[in-house]
Amino acid sequence: MSIIKQSDRPLATFRMDCNTKLALVICTAGILLFGVVSCVYDWIAAAA
């Protein structure tokens, strides 16, 4: 059995710049559009 102890030196807050946040939003949107919402493929096929 392990016990979690509070540290004297907690981890620093993770920070990122606006470009990194934008890249993560774009990647997440792409995963949701092409991975989850399959009707996007029908729209692409109809446009071709």
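Residues numbered from 1 in each chain as written. Predicted model: local features only at pLDDT ≥ 70, side-chain atom pairs only at ≥ 80, totals over all residues. Heavy atoms only, no water.

A.B. asks: Mind showing me how you'd approach the environment of Arg 9 here?
C.D. replies: Looking at the element boundaries, Arg 9 is found in the segment before helix H1 (18-36). Judged by relative accessible area, which is 74%, Arg 9 ranks as exposed. Considered as a pair, Arg 9 and Val 40 are 31 residues apart in the sequence and their alpha carbons are 48 Å apart. (Helix = DSSP H or I, 4+ residues; strand = E, 2+ residues; numbered from the N terminus. Buried < 20%, exposed > 50% of the residue type's maximum accessible area, 1.4 Å probe, protein only.)

A.B. asks: How do you make sense of the state of the cysteines when you look at a structure like this?
C.D. replies: Each disulfide is one covalent bond, formed between the sulfur atoms of two cysteines. Under the defined criterion, the tally for this structure stands at zero disulfides. In this model Cys 18 remains outside any disulfide bridge; the closest cysteine sulfur is found in Cys 27, 16 Å from its own. Owing to a relative accessible area of 63%, Cys 18 belongs among the exposed residues under this scheme. (Disulfide = S-S within 2.5 Å.)

A.B. asks: In this structure, what is going on with the environment of Val 40? I would like to understand it.
C.D. replies: Along the chain, Val 40 falls in helix H2 (residues 39-47). Owing to a relative accessible area of 15%, Val 40 belongs among the buried residues under this scheme. Non-local contacts of Val 40, meaning those with residues more than four positions away in its chain, are made with Leu 33 and Phe 34. (Contact = heavy atoms within 4.5 Å.)

A.B. asks: Is there a simple way to explain a nonpolar patch on the surface in this structure?
C.D. replies: Taken together, the side chains of Leu 33, Phe 34, Tyr 41, Trp 43 and Ile 44 make up a nonpolar region of the molecular surface, amounting to roughly 550 Å² of accessible area. Counting residues per element, the nonpolar patch draws most heavily on H2, which supplies three residues. Of note, Tyr 41 is situated in helix H2. Classification of Tyr 41 as partly exposed rests on a relative accessible area of 45%. (Patch = residues over 30% accessible without salt bridge, like charges linked within 9 Å, V, L, I, M, F, W, Y side chains within 5 Å. Areas by Shrake-Rupley, 256 points an atom, 1.4 Å probe, with all protein chains shown as cover. Salt bridge = Lys/Arg side-chain N within 4 Å of Asp/Glu carboxyl O.)

Remember that the coordinates give geometry; whether it matters functionally is a separate question.
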